[in-house]
Amino acid sequence: MKLNTGKSTTVTDAMKSRITVRDFLSTPVDDDVLKGIFETARRAPSGGNLQPWNVHVLTGEPLNNFRNEVIGKLMKGESEKDTFPPYPSPLWEPLRTWRYKLGEDMYNLLDIPKEDKMARLRQVGKNFLFFGAPVGILITGDKRLEVPQYYDIGIYLQSLMLLAREAGLHTAPQGAWRAFPDTVKAHINHPDEQHILVGMSLGYANPEAPVNELYADRAELDELVTFHS
Ligand SMILES: Cc1cc2nc3c(=O)[nH]c(=O)nc-3n(C[C@H](O)[C@H](O)[C@H](O)COP(=O)(O)O)c2cc1C
């Protein structure tokens, strides 16, 4: 589906036009626009109003230094211990199929066959460039958080993503950053009791990039929602 790069004026439009963008233009985001998004996102709800998110927004030199170091480590084959695994292992049905389908749909769009493992790895590696975005967001949280606080952080992420659409921007939420907790800590200097939970790329989407046409499938309404009436 063709990417919508306009500014959303309704929540419905923001919901429907938000996709995970994996190719950004280098066009900078105006400081006021950027700060406005985080200012409004302060209104995101959280259980007990704990507001358990710690948010680091990287642009310019700090962003470049950070991504260069991570890419350097990847090139040397260096890895770090993930904060926690991305999914339960093994995944069960239908979750397993959904995950598989996402990958296949994306690589089909990019014309990368299953056998071309290197090309697939290179695509995954773009996570660590923040997909070329001019803004990189890293969200850390205290290691003592319980499961409900992770919901809160998810709500905060979606708030950022919808506000970004209102500004004509796009985003990519990224669990991938949990793979480099030590480098994250070295660059943003978060307290020892925290760790990286999730990251996000933010910027203007490249409307010409085939990868940005991926409008990931969803389960049908009646598969997920039961109306008891
Ligand atoms: C918390 C979270 C973490 C994610 N991490 C990544 C990631 O590391 N890399 C990536 O390419 N996509 C990542 N995604 C994007 C999902 O693959 C995407 O949301 C899903 O396939 C639905 O597609 P859509 O966002 O385009 O609607 C993440 C999404 C969420 C919500």
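Quick look at the structure, then. On a predicted model such as this, the values are computed, not experimentally measured, just so you know. (Residues numbered from 1 in each chain as written. Predicted model: local features only at pLDDT ≥ 70, side-chain atom pairs only at ≥ 80, totals over all residues.)

1. A closer look at the packing of helix α2 (residues 31–41) against helix α6 (residues 147–166)
Inference 1: Closest axis-to-axis distance for the α2/α6 pair is 9 Å, and the angle between their directions is 140 degrees. By the angle between their directions, the pair α2 and α6 is classed as oblique. For the crossing formed where α2 meets α6, the hand is right-handed. On α6, the residues that touch Ile37, Thr40 and Ala41 of α2 are Tyr156, Ser159, Leu160, Leu163 and Ala164.
Inference 2: A per-class count over the contact of α2 with α6 returns six nonpolar, two polar and no charged. (Axes fitted to C-alpha atoms, helices over the stretch in contact; angles between N-to-C directions. Helix = DSSP H or I, 4+ residues; strand = E, 2+ residues; numbered from the N terminus. Parallel < 35°, antiparallel > 145°, perpendicular 65-115°, else oblique. Left-handed = near helix turned anticlockwise from the far one by under 90°. Contact = placed C-beta atoms within 7 Å. Nonpolar A, V, L, I, M, F, W, Y, C, P; charged D, E, K, R; others polar.)

2. Some details on the nonpolar core
A general trend in soluble globular proteins is that nonpolar side chains are found buried together.
Inference 1: Leu160 and Leu202 are the most contacted members of the largest nonpolar core, which has 41 residues in total.
Inference 2: Put simply, the parts of the chain that give this core at least two residues each are α2, α3 (60–75), β2 (135–142), α6 and β4 (194–203).
Inference 3: In terms of residue count, the dominant contributor to this core is α6 (eight residues).
Inference 4: Setting aside residues up to four positions removed in sequence, Leu202 forms contacts with Val29, Ala133, Val135, Ile137, Ala164, Leu169 and Thr171. (Core = buried A, V, L, I, M, F, W, Y, C linked by C-beta atoms within 7 Å. Buried ≥ 20, exposed ≤ 12 C-beta atoms within 10 Å, placed from the backbone.)

3. Let's talk about the site of the ligand
Inference 1: Residues in contact with the ligand, as listed here, are Ile19, Thr20, Arg22, Leu102, Asn127, Ala172, Pro173, Gln174, Gly175, Ala176, Val198 and Ala216.
Inference 2: Here the residues of the shell around the ligand sort into seven nonpolar, four polar and one charged. (Near = placed C-beta within 6 Å.)

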